[in-house]
Amino acid sequence: MTVFANTYKIGIAGDPELPGHRQVLPKRRSTRGYPDVMPDRFFAPGSLDGPVIELSPDESRHMAGVLRKTPGETVVVFNGAGAAAEAVVEAVGKRACSVRIVQVLPTAPQRSPGIQIASAAPKGDRIRWLIEKATELGADRWTPLQLTRSVVDPGDGKLERLRQTVIAACKQCERNRLMEIAAATTWPEWLAEASAHGTVIVAHPTGVLTTEAAERLEVDLRRAGHAAIAIGPEGGFTEDELEAAVRAGALVVNLGPQILRIETAAIAALAWLRLAFP
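Visitor: Any chance you could break down empty space enclosed by the protein for me, citing the residues and the numbers?
Guide: Using the criterion set out here, one finds one cavity of 30 Å³ or more in the structure. The volume enclosed by the largest cavity comes to roughly 40 Å³. If you go around the largest cavity, the residues you meet are A121, P122, K123, R126, V151, P233, E234 and I262. The class makeup of the residues in the lining of the largest cavity is five nonpolar, no polar and three charged.

Visitor: Would you mind going over helix α5 (residues 210-224) in detail, with residue names and values included?
Guide: At L217, α5 is bent by approximately 50°, the largest bend along its length. Where α5 is concerned, the buried positions are A213, A214, L217 and L221. Note on α5: the residue one or two positions beyond its end, G225, has a positive phi of about 75°.

Visitor: Summarise the packing of helix α2 (residues 126-136) against helix α3 (residues 156-173); cite the residues concerned and give the values.
Guide: For any two helices packed against each other, the geometry is given by the interaxial angle and the distance between the axes. Relative orientation of the contacting elements α2 and α3 amounts to 40°, with a least axis distance of 9 Å. Overall, the two elements α2 and α3 adopt an arrangement that is oblique. As α2 packs across α3, the resulting crossing turns out to be right-handed. Listed contacts from α3 to I127, R128, I131, E132, T135 and E136 of α2 are K158, L162, T165, V166, A169, C170, Q172 and C173. Of the residues that constitute the contact of α2 with α3, the class distribution is seven nonpolar, three polar and four charged.

Visitor: Give me the lowdown on the side chain of R41, citing residues and values where you can.
Guide: On the secondary structure map, R41 appears in strand β4 (residues 41-43). Although R41 is buried, it makes no salt bridge; E174 carries the closest opposite charge, 6.0 Å away. For R41, the side chain forms a polar contact with the main-chain oxygen of C170, separated by 3.3 Å. In terms of polar contacts, R41 uses its side chain to reach the side chain of N176, at 3.0 Å.

Visitor: Could you give an account of the sheet that holds strand β6 (residues 74-78), naming the residues involved and the relevant values?
Guide: If you trace the five strands from one edge of the open sheet to the other, you get β4-β6-β7-β8-β5, paired in mixed fashion. The sheet terminates laterally at β4 and β5 (52-54), the two strands that pair on one side only. The mean angle between the axes of side-by-side strands here comes to 40°, regardless of whether they run parallel or antiparallel. Summarising the sheet, β5 and strand β8 (residues 97-104) pair through three bridges and their orientation is antiparallel. Residue V52 lies in a different strand from β8, and its bridge partner there is R100.

Visitor: Tell me about the nonpolar core, residues and numbers included.
Guide: W142, W187, W190, V202, I231 and L273 are the most contacted members of the largest nonpolar core, which has 59 residues in total. The element contributing the most residues to this core is helix α7 (residues 262-276), with eight residues. In this structure, I53, L55, M63 and V77 belong to the second largest nonpolar core, which totals 15 residues.

Quick notes on the rules
Residues numbered from 1 in each chain as written. Predicted model: local features only at pLDDT ≥ 70, side-chain atom pairs only at ≥ 80, totals over all residues. Heavy atoms only, no water. 1 Å grid on protein atoms, 1.4 Å probe; cavity = no way out; pocket = protein on both sides within 12 Å on 5 of 7 lines; lining within 4 Å. Points joined across faces, edges and corners; volume = space filled by probe spheres on them. Nonpolar A, V, L, I, M, F, W, Y, C, P; charged D, E, K, R; others polar. Bend = angle between axes of the 7 residues up to and from the residue. Helix = DSSP H or I, 4+ residues; strand = E, 2+ residues; numbered from the N terminus. Buried < 20%, exposed > 50% of the residue type's maximum accessible area, 1.4 Å probe, protein only. Axes fitted to C-alpha atoms, helices over the stretch in contact; angles between N-to-C directions. Parallel < 35°, antiparallel > 145°, perpendicular 65-115°, else oblique. Left-handed = near helix turned anticlockwise from the far one by under 90°. Contact = heavy atoms within 4.5 Å. Lys, Arg positive; Asp, Glu negative; His and termini not counted. Salt bridge = Lys/Arg side-chain N within 4 Å of Asp/Glu carboxyl O. Polar contact = N/O pair within 3.5 Å; in protein donor to acceptor, adjacent residues only side chain to side chain. Pairing = 2+ DSSP bridges. Core = buried A, V, L, I, M, F, W, Y, C linked by side-chain atoms within 4.5 Å.

Quick look at the structure:
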């Protein structure tokens, strides 16, 4: 039996009960009050009250040069702080584009629990992948940790490029609130800040299994309303770092029997929390 699928059709080859051996799915309907077919999205920080909003040079280049939008086309703009609006393209130029606000769209409530992720920075392009997926999974903030066995120390330029990755990911996943990219922080500083504002979780093979951790977190996480997850470097946390985390009240959690890369562990931890506490 052969299974085939694309964006619009899914079916089983040779199944006579499916017309043409394909089942046509209905158009995707957004759950956020947007039109059935999502217009292209553009980032426009600040107020969306309008009536006309000028896009940044980067967004203008994307609108004019990449997507080749024309006046009158429908788009969505979002400000990165939770607000979004339906708009129509007002003017298109090589370096400047503008949109006219049609209506401000309903604001989705912030997800609870709020989740921030902190990790050693992965090497190369793996850090961009981590930021993209963490944004899609709804993390509120990512903090690069300065740990004993850290290898990569992302500078200001790298962090700024990662903020552009966040914007691109928000466009794709229909998220209207940007994930924050924080400055690099030492382990003691991060533990003090995170433990003062919510539940702290440290991923490490010596920890409790996720099933047991979820039971232990049920009350604390619902009450605190916020969780902070820490992922160590490729060489792992040192014993001193783990002991410091336990003294700060952190729950050490085992994400499974395999040894995971930084970005894999970060996404696994985020997905686990989102599924355990939807």
